[in-house]
Amino acid sequence: MLYVHGRKVVVVGDAHATAERVSRLRDAGATAVVVTPDAVREETFTGAFAVLAMGASAADNARAVTLARRAGCLVYAHDQPSISDFAMPALTRRGPLQIAIATDGIAPALSRRLRQELSRILDAAGPRLDRLIARLADIRARPADDARRAELSRVAAALHLDGALEIDESAGE
């Protein structure tokens, strides 16, 4: 995760392929600029903090990464962890709670599947989880001391995950 609020992030790719990432960036307060791979020039990355290379080909991404690095940007190349500086994990969110799932680029489909299941669990917890998060936020707003840390731990311990991870080992055979 990167803190991108108030920063320029260039996303290289077509609007359809980049829509979800652009939405996440804008939700985080970034100024997201979308550029198609054929329109990438060295000056495209001037003033950018980070670049997401999400072109249709590895060659498009590698070119964008090279130019972005020359401009001093952090880079992410979709499905190419070997040339990326950071990962874009699958993300699920409920209010201020965010859970990121990453597999170091090995199994993006597994990350997406885990995100779907965790989203379902968070949605099922609904208002109860919202109240727990609000209670933690109220405690966190108090001056920091040992008593506050202990209370945060006690309240967080109210969360119980009783589900089991089940895997159908015959799937995909």
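None of the values given here were measured: they were computed from a predicted structure.

Q: Let's hear about helix H2 (residues 58-70): which residues, and what values?
A: For H2, spanning 13 residues, the distance from its first C-alpha to its last is 18 Å, which sits close to the expected 18 Å at 1.5 Å a residue. Taken residue by residue, H2 has Asn61, Ala64, Val65, Leu67 and Ala68 as its buried positions. For H2, the elements touching its buried residues are strand E1 (8-12), strand E3 (50-53) and strand E4 (74-77). One or two residues past the end of H2 sits Gly72, with phi positive at roughly 85°.

Q: Mind laying out the packing of aromatic side chains, listing which residues take part and the relevant values?
A: For the coordinates displayed, the defined rule picks out one aromatic pair. It is Arg7 that lies over the ring of Phe49; its NZ or CZ is 4.0 Å from the centre.

Q: Pulling in residues and values, what's your account of the side chain of Thr92?
A: Mapped onto the secondary structure, Thr92 falls in strand E5 (residues 90-94). A polar contact is formed between the side chain of Thr92 and the side chain of Ser119, at a distance of 2.4 Å. Residues contacting Thr92, with those up to four places away along its chain left out, are Leu97, Gln98, Ile99, Arg115, Leu118, Ser119 and Leu122.

Q: Give a detailed account of unusual backbone geometry, specifying residues and quantitative values.
A: Although it is not a glycine, Asp79 adopts a positive phi angle of roughly 60°. Tracing the backbone through its elements, the reader meets Asp79 in the loop between E4 and E5. A relative accessible area of 52% places Asp79 in the exposed class.

Q: Describe the environment of Asp104, listing the residues and the values that go with them.
A: As for its position among the elements, Asp104 is in the loop between strand E6 (97-101) and helix H3 (108-140). Judged by its relative accessible area of 67%, Asp104 falls in the exposed class. Through-space distance from the C-alpha of Asp104 to that of His78 is 12 Å; in sequence the pair is 26 residues apart.

Q: Outline the sheet that holds E4, supporting the account with residue identities and numerical values.
A: Pairing within the open sheet is parallel, and its four strands lie in the order E2-E1-E3-E4. At either margin of the open sheet sits one strand with a lone partner, and together these are strand E2 (31-35) and E4. If you compare each strand with its neighbour and ignore which way they point, the axes differ by 20° on average. Direction of pairing for E3 relative to E4: parallel, over a ladder of four bridges.

What counts, and where the lines are drawn
- Residues numbered from 1 in each chain as written.
- Predicted model: local features only at pLDDT ≥ 70, side-chain atom pairs only at ≥ 80, totals over all residues.
- Heavy atoms only, no water.
- Helix = DSSP H or I, 4+ residues; strand = E, 2+ residues; numbered from the N terminus.
- Expected span 1.5 Å × (residues − 1).
- Buried < 20%, exposed > 50% of the residue type's maximum accessible area, 1.4 Å probe, protein only.
- Contact = heavy atoms within 4.5 Å.
- Phe/Tyr/Trp six-rings, centres within 6.5 Å; stacked < 30°, edge-to-face > 60°.
- Lys NZ or Arg CZ within 6 Å of the ring centre and 35° of its normal.
- Polar contact = N/O pair within 3.5 Å; in protein donor to acceptor, adjacent residues only side chain to side chain.
- Pairing = 2+ DSSP bridges.
- Axes fitted to C-alpha atoms, helices over the stretch in contact; angles between N-to-C directions.

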